[in-house]
2 protein chains.
Amino acid sequence: MKNIRSGEILCVGTELLVGQIVNTNASWLARRLSLLGISSYYQTVVGDNPARMLEAMKVASSRSDLVVVTGGLGPTADDLTMSVAAKMAERKMQIHLPSREAISEIFRKMGRTEVTENNWKQAMMPEGAFVLPNNNGTAPGAVIEYSFEGREVTMILLPGPPSEMQPMFVDQAEPWIRQHVPTSFKHLFVRMIGIGESKAETMLLDLIDGQNNPTIAPYASEGEVIFRISQLFDKNDGDITKQPDLTAELLAEVRNRLGEFIYEVGDRKMPEVVKDMLHAQRKTISFAESCTAGLLSDAIAQYPGASEVFKGAIIAYDNDIKTNILNVSSDILTEYGAVSEQCAIAMATGCRDVMKTDLAISVTGIAGPDGGSEEKPLGTVWLAAASADGVVTRKLHLAGNRGRIRRVSALQALDLARRQLL
Amino acid sequence: MKNIRSGEILCVGTELLVGQIVNTNASWLARRLSLLGISSYYQTVVGDNPARMLEAMKVASSRSDLVVVTGGLGPTADDLTMSVAAKMAERKMQIHLPSREAISEIFRKMGRTEVTENNWKQAMMPEGAFVLPNNNGTAPGAVIEYSFEGREVTMILLPGPPSEMQPMFVDQAEPWIRQHVPTSFKHLFVRMIGIGESKAETMLLDLIDGQNNPTIAPYASEGEVIFRISQLFDKNDGDITKQPDLTAELLAEVRNRLGEFIYEVGDRKMPEVVKDMLHAQRKTISFAESCTAGLLSDAIAQYPGASEVFKGAIIAYDNDIKTNILNVSSDILTEYGAVSEQCAIAMATGCRDVMKTDLAISVTGIAGPDGGSEEKPLGTVWLAAASADGVVTRKLHLAGNRGRIRRVSALQALDLARRQLL
């Protein structure tokens, strides 16, 4: 039986090459392949051009066991992927009657009598292909097995629209793939805040260099640090369920060195962690936002069910709002300024009073590009958290542009909330 | 002088290969290249693996005049892109003193004394590279010119984080690229709201099919409709400045047919258009947000100088906030519910009173996934605008998930504000 160890993704579509749409298919499929335990070393995008498409398929076939192709299965003249795949696999195209039936059935349901030649084209399949019916559109997909340069290659062709591609992959392609994958992965995402990436990596360097399986490696992130611990399980080493899980040991060592900075081991991002802690403790939160101006509230409100823990926020962009609604005394503003520990404290306590929440978080800072001074440079941000236990503050010195300063301020404000809930 | 006609994008990052992040850099850069008049036929993603990275760079160099590389410029051990690029161009790596000083300056500003070896690594540059300073992070970019298989190739290396990559490309790489592109484009972006894309497309179909140069085509967008009018100027046809501008004529015809829906011809998005109108009229705005919970405020606050027109917002997620701070009478909430025209009106007028702004906009709706009913289905959203002239309302029936409903609600709320300022 064949062993699929490596796979790569080939996305077809001129709209991708000109940046009209973001290639979410690639990241979605990459995640699925990774979870299946298939190593993926390449992603490629080409336009609806048969020569370049065929070249890309050959390159992919020369280096990967599995080639997943999306896009170009539509009815229009420039949807050529299926016929190019047939050329790649040296197969004839032939009519696939069940697909032809399915297409006319769809048109019948839509009350459309005349089916154009274009649409029948979607029922043409490479000889010997394993056809994947499309339950959410007219274009069927296919699994084609062929050998190229002496290698056994499997190509899976899927439609471009995510609403058709995703169910076809999950329901039909994945069960087929699983039978041919000899490995599986376990991943742990270790999320930290309060330490720089280079500092964190220096403290784990021996683990990063020394480890083979499981491995640990840093992940791209903004304002926080993420490491991924991955263990590979191989069927060739016997029953996977009986192989020891070595991730816990490595995680323990990471906790040992950087535990104070770890806020999550898993997939939840900071806002979700805070939201869940509030849920678990049946507590409510509110925000007094100045420079973040809505980012903090949105970070929580993006999650369904947020309304159970998030009561609301005052975005006090103008000092009048700070005084009139948050009851920050004008003395504080004149004496210390809006970006000061005193103002952050007054905003948080004032917010907690008017919002009547267990916890209130305030953010006031200089996001720029203007407003910085010698004494309070660009990126100076004060945070405060008010609760029944009193008020705690945190001062930030952030680098980057206006956008980054605002986003990292919101992230740090959520971390301050989290620490009050520990 | 060299002629850059073709370009391709190479994104480096294992986090892309495992689908942990969506590759927005590729689509963003593809858009910019297309706007520059550079034809792009390939996009590639590889991991932080020097051999595969070098192979991908060679393949790209063998077929494209320009290779734009993002990612892998960070301080960690697996950030290898710059050194692999040096190998590709057959250059030595050497210390770049200005970058080294910039890095220590950043750390000084952040009040961090010890700079790790990792960070100094970011100051190592290929010999003869044109260095692109990073104003939003520690990793500088670079432009490297070399010849490969007898072709003149330019490689531009950029950091992976969009907040660092985008300004570096726009401010530093693009001016350099423009000098070497033999063609130039004039683009007009015609932004419309209040009409569906297919409807708009139907009304312009003859223009879309008939035109050759300039062309008009729909542009991907959410909750609005954007058409791009593009005219190609080629230096080979003589002095570009003397070639006639044909875009105005086409634009006039589009205005003729769809003028009532056009809110901008240019690059400004809806929030910026509203911000600028407020500036010009010396008026202030405030928001009462429920389901959008910060999106509306952030849309305005993201722009420098927003504080001159945006005073603040009340995010009244919980009904208590609607009554206590916005003074929405509890009768309205019990009789009509929070998602009602009456509540939207009360929120807007209440917000205008407490915020003391010329204009106040309210949003209240059902973003889901729960909360929908027979009478008020998911996606039901009420907007209100309160000004000295009184109150106007708008009802929306939005399709899509929680995220889309919230984003389009914010966009429509800004459009309602815009109409009050006309």
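Basis of the calculations
- Numbering of residues starts from 1 in each chain and follows the order in which that chain's sequence is written.
- Each chain is given a letter, starting from A, and each ligand a number, starting from 1, according to the order in which they appear as written.
- For this predicted model, a pLDDT threshold of at least 70 governs which residues receive local features, and a threshold of 80 or more governs which side-chain atom pairs are given and counted, while totals over whole chains, interfaces and linings are taken from all residues.
- Working from all heavy atoms in the structure, the side-chain values ignore hydrogens and water.
- Any Phe, Tyr or Trp ring, taking Trp's six-membered ring, that has another such ring centre within 6.5 Å forms a pair; planes under 30 degrees apart are called stacked, those over 60 apart edge-to-face, and the others tilted.
- Secondary structure is summarised from DSSP: a helix means a run of H or I of at least four residues, a strand means a run of E of at least two, and numbering begins at the N terminus for each.
- Using a 1.4 Å probe on the protein chains alone, a residue whose accessible area is under 20% of its type maximum counts as buried, one over 50% counts as exposed, and one in between counts as partly exposed.
- Any Lys NZ or Arg CZ that is within 6 Å of a ring centre and within 35 degrees of that ring's normal is treated as a charge sitting over the ring.
- An automatic or database domain assignment supplies the start and end points of every domain.
- The term salt bridge refers to a side-chain nitrogen of Lys or Arg lying within 4 Å of a carboxyl oxygen of Asp or Glu.
- Axis definition: a line fitted to C-alpha atoms, limited for helices to the stretch in contact. Angles are taken between N-to-C directions and run from 0 to 180 degrees.
- By definition in this entry, angles of less than 35 degrees are roughly parallel, angles greater than 145 are roughly antiparallel, angles of 65 to 115 are roughly perpendicular, and the rest are oblique.
- Two helices crossing with the near one rotated counterclockwise from the far one by less than a right angle form a left-handed crossing, whereas a clockwise rotation gives a right-handed crossing.
- Contact between two residues is taken to exist if any of their heavy atoms lie within 4.5 Å; hydrogens are not considered.
- Basically, the charged four are Asp, Glu, Lys and Arg, the nonpolar ten are Ala, Val, Leu, Ile, Met, Phe, Trp, Tyr, Cys and Pro, and anything else, Gly included, counts as polar.
- Being paired, for any two strands, means DSSP has found at least two bridges between them.
- Values of pLDDT, which run from 0 to 100, indicate the predictor's confidence residue by residue.
- Once two parts are brought into contact, the accessible area they lose, counted with a 1.4 Å probe and summed over both, makes up the buried area.
- By the criterion applied in these results, polar contacts are pairs of N or O atoms within 3.5 Å in which, for protein atoms, one can donate a hydrogen and the other can accept it, and in which residues neighboring in sequence qualify only through two side-chain atoms.

This paragraph deals with the packing of aromatic side chains. By the definition in use, this model includes 6 aromatic pairs over all chains. When the centroid spacing of 5.2 Å and the interplanar angle of 45 degrees are considered together, the rings of Tyr317 of chain A and Phe310 of chain B count as tilted. Taken together, the residues span two chains, with Tyr317 of chain A in the loop between β14 (310-316) and α12 (319-324) and Phe310 of chain B in strand β14 (residues 310-316). With a relative accessible area of 13%, Tyr317 of chain A lands in the buried category. Within the aromatic cluster, the residues linked to one another by ring pairs are Phe287 and Phe310 of chain A together with Tyr317 of chain B. Taking NZ or CZ as reference, Arg52 of chain B lies 3.8 Å from the ring centre of Tyr41 of chain A, over its face.

The next thing to look at is the domain arrangement of chain A. Partitioning chain A into domains gives domain 1 (6-178), domain 2 (184-265) and domain 3 (270-420). Placing a centre on the C-alpha atoms of domain 1 of chain A and another on those of domain 3 of chain A gives a separation of 48 Å.

Let us now look at the pattern of salt bridges. Residue and element names in this part refer to chain A. Applying the stated rule across the entire model yields 39 salt bridges over all chains. Of the charged contacts in the structure, one is a salt bridge between Arg178 and Glu174, with a shortest N-O distance of 3.5 Å. Here Glu174 and Arg178 lie together in helix α7 (residues 162-178), a separation of 4 residues that amounts to about one turn. Assessed through its relative accessible area of 46%, Arg178 is described here as partly exposed.

All right, on to the packing of helix α2 (residues 24-36) of chain B against helix α7 (residues 162-178) of chain B then. Residues and elements named next belong to chain B. Viewed as axis vectors pointing N to C, α2 and α7 meet at an angle of 20 degrees, and their least axial separation amounts to 12 Å. Judged by the angle between their axes, α2 and α7 are roughly parallel. Along this stretch, α2 crosses α7, giving a crossing that reads as right-handed. Touching Thr24, Asn25, Trp28, Leu29, Arg32, Leu33 and Leu36 of α2 are Pro162, Met165, Gln166, Phe169, Val170, Glu174, Ile177 and Arg178, all from α7. For the contact of α2 with α7, a count of residues per class yields 9 nonpolar, 3 polar and 3 charged.

With that settled, the discussion passes to the sheet that holds strand β7 (residues 141-148) of chain B. Here we have 12 strands laid out as an open sheet, ordered β6(A)-β7(A)-β8(A)-β3(A)-β1(A)-β2(A)-β2(B)-β1(B)-β3(B)-β8(B)-β7(B)-β6(B), and mixed in their pairing. Each edge of the open sheet is held by one strand with a lone partner, namely β6 (130-132) of chain A together with β6 (130-132) of chain B. Here the strands of the sheet are splayed against their neighbours by 20 degrees on average, with no regard to which way each runs. In this structure, strand β1 (residues 7-12) of chain A lies alongside strand β3 (residues 66-70) of chain A, joined through 5 bridges in parallel fashion. Note on β3 of chain A: the bridge partner recorded for Gly7 of chain A is Leu66 of chain A. Across the face of the sheet, helix α3 (residues 50-61) of chain B comes into contact with β2 (42-46) of chain A together with β1 (7-12), β2 (42-46), β3 (66-70), β7 and β8 (151-158) of chain B while running at roughly 175 degrees to β1 of chain B.

Here the focus is unusual backbone geometry. Omega for the peptide link from Asn213 of chain A to Pro214 of chain A comes to 5 degrees, which places this bond in the cis form. Topologically, Pro214 of chain A is positioned in the loop between α8 (197-210) and β10 (215-219). Residue Gly368 of chain B is joined to Pro369 of chain B through a cis peptide bond whose omega torsion reads 5 degrees. With respect to the secondary-structure elements, Pro369 of chain B resides in the loop between β15 (359-365) and β16 (380-387).

Let us now look at the sheet that holds β10 of chain A. All names here are of chain A. Spatially, 4 strands are ordered β10-β11-β9-β12 in an open sheet, and the strand pairing comes out antiparallel. The open sheet has two edge strands with one neighbour each: β10 and β12 (262-265). On average, each strand axis in the sheet is tilted by 25 degrees relative to the strand beside it, whichever way the strands run. Bridge analysis of β10 against strand β11 (residues 225-234) gives 5 bridges, and the strand direction is antiparallel. When the sheet's bridge partners are listed, Ala217 is paired in β11 with Arg228.

A few words on the confidence of the model for chain A. Residues of chain A with pLDDT of at least 70 account for 99%, and the chain-wide mean is 93. Scoring the predicted complex yields pTM 0.82 and, for the interface, ipTM 0.80.

Turning to the packing of helix α3 (residues 50-61) of chain A against helix α4 (residues 81-88) of chain A, a few remarks are in order. Residue and element names in this part refer to chain A. Relative to each other, α3 and α4 sit at 50 degrees, their axes nearing to 10 Å. Classified by the angle their axes make, α3 and α4 are oblique. The two elements α3 and α4 cross, and the hand of that crossing is right-handed. Mapping the contact onto sequence places Pro50, Met53, Leu54, Met57, Lys58 and Ser61 in α3 and Thr81, Val84, Ala85, Lys87 and Met88 in α4. A per-class count over the contact of α3 with α4 returns 7 nonpolar, 2 polar and 2 charged.

A few words on the interface of chain B and chain A. Counting from both sides, the interface comprises 71 residues of chain B and, opposite them, 72 residues of chain A. For the pair chain B and chain A, the two sides together bury roughly 5,800 Å², of which 55% comes from carbon and sulfur. By the criterion of area lost to chain A, the three top residues of chain B are Leu17, Gln43 and Lys311 of chain B, representing 10% of everything that side buries. Across the chain B-chain A interface, the total number found is 6 salt bridges. With a closest N to O distance of 3.7 Å, Glu55 of chain A and Arg63 of chain B form a salt bridge. On the surface where chain B and chain A come into contact, there are 32 residue pairs in polar contact (both at pLDDT 80 or more). Its residues assigned to classes, the side of chain B that touches chain A shows 34 nonpolar, 22 polar and 15 charged. Bridge analysis of β2 of chain A against β2 of chain B gives 5 bridges, and the strand direction is antiparallel. Within β2 of chain B, the residue paired with Val45 of chain A across the bridge is Gln43 of chain B.

Residues and elements named next belong to chain A. Taken together, the buried positions of helix α10 (residues 270-280) are occupied by Met270, Pro271, Val273, Val274, Lys275, Met277 and Leu278. Contacts made by the buried residues of α10 are with β12, β13 (285-289), α11 (295-301) and α15 (402-421). Looking one or two residues beyond α10, the residue adopting positive phi is Arg282, at roughly 50 degrees.

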